[in-house]
Amino acid sequence: MPVFIDPSEAKSLTAQALENAGVTSANAKSVANALIQAEIDGQSGHGLARLAAYIEQVKCGKVMGDATPKVDTPKPAVCHINAELGFAFPAMDKLVSLLPAMAKAQGIALATVNRSHHFGQAGFHAERIAKQGCIALVFSNSPSAIAPWGGKKALFGTNPIAFACPRDGAPPLVIDMSLSKVARGKVLVARKNDETIPEGWAIDANGEPTTDPDAAVKGSMLPIGDAKGAALALMVEILSASLTNALYGFEASNFFDTEGEPPAIGHSVIAIDTTVSGTQFAERLELLLNTMCEQESVRLPGQRRIVRRERVLKEGLHLTDATMKELRELAQLSNNQ
């Protein structure tokens, strides 16, 4: 039976589990907000499926639950944030609060983050910048999951990218994707639920197609667009790790287990003031989007997310019995430690 819960209650339980496991109150709220928003948006692979692993990593020191991001602004249009081996979300919250004003002052601005961790939905961060009136481009690397084109050994992460831009009288347009054919989180959810995955998502360690999520994790995800997708993964690796002095995907430890040192990956975000070449952006954007939607069966990217949010407002957040049970158990177990 599905369980419907008020998102605020789900956030409270999530924050409670994190805080009592050793995460500071501010960091716990930041992480909980991101996880529950992922559930609301239908991105469960970036949602509560991560919570148990996060807690275990805090306990073993793979994530510093009390880390405070450090901000440096070496140039007027550049800021760098050291996540201090803590959760990515507090660092990204800081970035989102600073970057739009920098972009509006300079026309364009760049933020880099290093010594970081899994940052969830790339679109979550891009959208918050777009709500402040700027175009956003968001990049992140992640632990190795995609082999270079022609290879068998995973080297690049799934390396998500997102784009968001503001709209007049409508929620921002958000485009969010990983550079594997599907997000690796979906494979990990399938493994957790003892399910198979569709053929075409991944190859095993021998380079053969597989529907076994365990074999996929040991092998490689397949990139979108084949060789073109692998090239994009390389581009994001450079923007997220080379530029930020973060670890590459092949150097980073797994987001899900307690083995190894903190992953210490990186993110880059570009914000652009929409008025850099005049005040026509909003009008021209709507012409483009309206012309697209005149064609039958065409919908804008991210529309399902908007529909889901409206449904959650009316019905509450839909979680599976298993997810709800795990959430309550994690919060209670944390209280008992």
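Figured I'd write up the structure that's included with this text. (Residues numbered from 1 in each chain as written. Predicted model: local features only at pLDDT ≥ 70, side-chain atom pairs only at ≥ 80, totals over all residues. Heavy atoms only, no water.)

**Describing empty space enclosed by the protein**
Thinking step 1. A complete count under the given rule lists one cavity of 30 Å³ or more for this structure.
Thinking step 2. Approximately 30 Å³ is the volume found for the largest cavity.
Thinking step 3. Lining the largest cavity are Ala 34, Ala 38, His 46, Phe 89, Phe 119, Gly 120, Gln 121 and Phe 124.
Thinking step 4. A per-class count over the lining of the largest cavity returns five nonpolar, three polar and no charged. (1 Å grid on protein atoms, 1.4 Å probe; cavity = no way out; pocket = protein on both sides within 12 Å on 5 of 7 lines; lining within 4 Å. Points joined across faces, edges and corners; volume = space filled by probe spheres on them. Nonpolar A, V, L, I, M, F, W, Y, C, P; charged D, E, K, R; others polar.)

**Some points on the nonpolar core**
Thinking step 1. Within the largest apolar cluster, 31 residues are counted, with the highest numbers of intra-cluster contacts made by Leu 18, Leu 51, Phe 87 and Leu 317.
Thinking step 2. Where this core is concerned, the elements lending two or more residues are helix H1 (7-20), helix H2 (25-40), helix H3 (51-60), strand S12 (317-319) and helix H11 (321-335).
Thinking step 3. A total of seven residues in this core trace back to one element, the largest contributor, which is H2.
Thinking step 4. When neighbours within four sequence positions are excluded, Leu 18 is seen to be in contact with Val 23, Ala 28, Val 31, Ala 32, Leu 51, Tyr 54, Ile 55 and Phe 87. (Core = buried A, V, L, I, M, F, W, Y, C linked by side-chain atoms within 4.5 Å. Buried < 20%, exposed > 50% of the residue type's maximum accessible area, 1.4 Å probe, protein only. Helix = DSSP H or I, 4+ residues; strand = E, 2+ residues; numbered from the N terminus. Contact = heavy atoms within 4.5 Å.)

**Observations concerning the sheet that holds strand S5 (residues 134-140)**
Thinking step 1. Taken together, the seven strands give an open sheet; going across it, the order is S2-S3-S4-S11-S5-S6-S7, and neighbouring strands pair in mixed fashion. Either end of the sheet is taken by a strand with one partner, and the two such strands are strand S2 (70-75) and strand S7 (170-177). Strand-to-strand twist of the sheet, defined as the mean angle between neighbouring strand axes without regard to direction, takes the value 15°.
Thinking step 2. Two strands pair when backbone bridges link them, and strand S6 (residues 161-167) and S7 are joined in this way by six bridges, in the antiparallel orientation. Residue pairing for S7: Cys 165 is matched across the bridge by Leu 173.
Thinking step 3. Sheet strands in contact with helix H4 (residues 88-106) are S2, strand S3 (78-82), strand S4 (108-116), S5 and strand S11 (265-273), and its direction is about 165° off that of S4. (Pairing = 2+ DSSP bridges. Axes fitted to C-alpha atoms, helices over the stretch in contact; angles between N-to-C directions.)

**Let's talk about the packing of H4 against helix H5 (residues 122-130)**
Thinking step 1. With their axes 9 Å apart at the nearest point, H4 and H5 run at an angle of 25° to one another. Considering their axes alone, H4 and H5 lie roughly parallel with respect to each other. Helix-helix and strand crossings are classified by hand; for H4 and H5 the assignment is right-handed. Contacts between H4 and H5 involve Phe 89, Met 92, Asp 93, Leu 95, Val 96, Leu 99 and Pro 100 from the former and His 125, Arg 128 and Ile 129 from the latter.
Thinking step 2. Here the residues of the contact of H4 with H5 are counted per class, giving seven nonpolar, one polar and two charged. (Parallel < 35°, antiparallel > 145°, perpendicular 65-115°, else oblique. Left-handed = near helix turned anticlockwise from the far one by under 90°.)

**Some thoughts on the packing of H2 against H4**
Thinking step 1. In the contact formed by H2 and H4, the axes pass within 8 Å of each other and the chain directions differ by 85°. Classified by the angle their axes make, H2 and H4 are roughly perpendicular. Contact residues: Asn 27, Ser 30, Val 31 and Ala 34 in H2; Phe 89, Pro 90 and Asp 93 in H4.
Thinking step 2. Looking at the contact of H2 with H4 residue by residue, the classes come out as four nonpolar, two polar and one charged.

**What about the layout of surface pockets?**
Thinking step 1. In this model, the largest pocket occupies a volume close to 880 Å³.
Thinking step 2. Around the largest pocket, the lining comprises 47 residues; the ones closest to its centre are Gln 43, His 46, Asp 176, Met 177 and Ala 183.
Thinking step 3. Put simply, the parts of the chain that give the lining of the largest pocket at least two residues each are H5, S7, helix H6 (184-192), S11 and helix H10 (303-315).
Thinking step 4. Grouping the amino acids of the lining of the largest pocket by side-chain chemistry returns 17 nonpolar, 19 polar and 11 charged.
Thinking step 5. Considering only enclosed or pocket space, the second largest pocket measures out at about 410 Å³ in volume.
Thinking step 6. As for the second largest pocket, its lining consists of 15 residues, and the residues nearest its centre are Glu 39, Ser 44, Asn 193, Thr 320 and Thr 323.
Thinking step 7. If you list the elements that add at least two residues to the lining of the second largest pocket, you get H6, S12 and H11.
Thinking step 8. Broken down by element, the residue count for the lining of the second largest pocket peaks at three residues, all from H11.

Functional significance is not addressed by these values, which are geometric in nature.
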